[in-house]
Amino acid sequence: MRVIIVESPQAVAQCAADLVCQQLRQHPDSVLGLATGSTPVALYQALIQRYRSNQLSLSQTTSFNLDEYVGLPPSHPQSYRHFMEEQLFRHTDIDPGKTHVPDGMSDTEQSASAYEQAISDAGGIDLQILGIGQNGHIGFNEPGSSLSSRTRVKTLTPSTLEANRRFFADDEFQPHLAITMGIGTILDCRQVLLLATGKAKAEAIRRCVEGPLSAACPASSLQLHQHATVLVDADAASGLEHSEYYRWCEEQRQRLGHPSGH
Ligand code: PGA
């Protein structure tokens, strides 16, 4: 696992944008895995800025989002399809026909297996962006999710519902179910890039990077991945026992151009 610690949330966004741009420069037709939530918003703003200054094109890129609420149509302001349109897609040259978000409206069993098939038909995901929940979830794989799970419906935990309540009006319906890529789906991606900022994520990051591999912390499954990068700010890194070592590895990497392993 590569752990990159930078000083601020802004630096996380810029560094993440560098890694995404590097991938797209090398392979403009890459398949990107995208995430919703507050954390990737600054990354998407950085990508939009780079698109506007002609440093980036998404015209050949395909995308697959991690998850979607069950029961919210794509046009619903709280749906993750709507979020992606607003936060990224409509501000870039990505082909709308090549963007995919799980379908939480039709027969979910069928749409889950169709989603897996679509990912496979696209050749698999080259680079998957992830956030992390305070409870260690990735996508909506809540604690206890099978480490080999595929796209399916999950029941959200009360803590996740509480964390996301801020997006919904007081009297607005908040779905308790979501359709999400599984942990097995995420582990199949060729590279994963997990982003986290702020003290509230410090314990989840500690468990993800240094805790035991356990379904109790779904993000710890990334310890099994050969090309996983965890990119955090100093606050989110504050629970890491070996943070000095991770910083030192990155210094070596930059000084020597040395491709430090994952
Ligand atoms: P956040 O959500 O970026 O809004 O903190 C992350 C997640 O729950 O995966």
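Residues numbered from 1 in each chain as written. Predicted model: local features only at pLDDT ≥ 70, side-chain atom pairs only at ≥ 80, totals over all residues. Heavy atoms only, no water.

1. Some thoughts on the overall build of the protein
Counted only if it meets this: Labels follow the DSSP assignment, with helices taken as runs of H or I lasting at least four residues and strands as runs of E lasting at least two, numbered in each case from the N terminus. This radius of gyration counts C-alpha atoms alone. The globule rule is 2.2 Å times how many residues there are, raised to the power 0.38. Relative accessibility thresholds used throughout: buried, under 20% of the residue-type maximum; exposed, over 50%; partly exposed, between the two (1.4 Å probe, protein chains only). Here, two residues are considered to be in contact whenever any of their heavy atoms come within 4.5 Å of each other. For the area figures, the Shrake-Rupley method with a 1.4 Å probe applies, and any residue is considered shielded solely by the protein chains shown. For the purpose of charge, His is not counted, nor are the chain termini; Lys and Arg are scored as positive and Asp and Glu as negative. Lys charges are placed at NZ, Arg charges at CZ, Asp charges at CG and Glu charges at CD.
Assigned secondary structure in the protein consists of eight helices and 10 strands. Taken over the C-alpha trace, the protein has a radius of gyration of 17 Å; the compact-globule value for 262 residues is 18 Å, and the two agree within 12%. Overall size of the protein, expressed as C-alpha extent along the three principal axes, is 50 × 40 × 35 Å. Taken over 262 residues, the protein has a buried fraction of 53%. Long-range pairs, those at least 24 residues apart, make up 80% of the contacts in the protein with a sequence separation of at least 6. Total accessible area on the protein stands at roughly 11,900 Å², and carbon and sulfur atoms take up 49% of it. Side chains of the protein carry 20 positive and 29 negative charges; the gap between the two charge centres is 5 Å.

2. Looking at the site of the ligand
Note the threshold: If even one non-hydrogen atom of a residue comes within 4 Å of a molecule or strand, that residue is called near it. We define a polar contact as two N or O atoms separated by no more than 3.5 Å, with the added condition that, inside protein, one atom must be a possible hydrogen donor and the other a possible acceptor, whereas residues neighbouring each other in sequence contribute only through side-chain atom pairs. Throughout this entry, Asp, Glu, Lys and Arg are counted as charged residues, while Ala, Val, Leu, Ile, Met, Phe, Trp, Tyr, Cys and Pro are counted as nonpolar. The remaining residues, Gly among them, count as polar.
With respect to spatial proximity, the complete set of residues near the ligand consists of Gly 37, Ser 38, Thr 39, Gly 131, Ile 132, Gly 133, His 137, Arg 166 and Lys 201. Between the ligand and Ser 38, the relevant distance is 2.8 Å, taken from an oxygen atom to a main-chain nitrogen or oxygen of the residue. Within the side chain of His 137, one N or O atom sits 2.6 Å away from an oxygen atom of the ligand. Protein coverage of the free-state accessible area of the ligand, which is 280 Å², stands at 81%. Among the residues making up the shell around the ligand, the classes are represented as one nonpolar, six polar and two charged.

3. A word on the pairing of strand S1 (residues 2-6)
Selection criterion: In this scheme, strands are said to pair when DSSP sees at least two bridges between them.
Counting buried positions along S1 yields five of five residues, so the element is predominantly enclosed. Where S1 and strand S10 (residues 228-233) come together, five bridges link them in parallel fashion. Opposite Val 6, over in S10, you have Asp 233 as the bridge partner.

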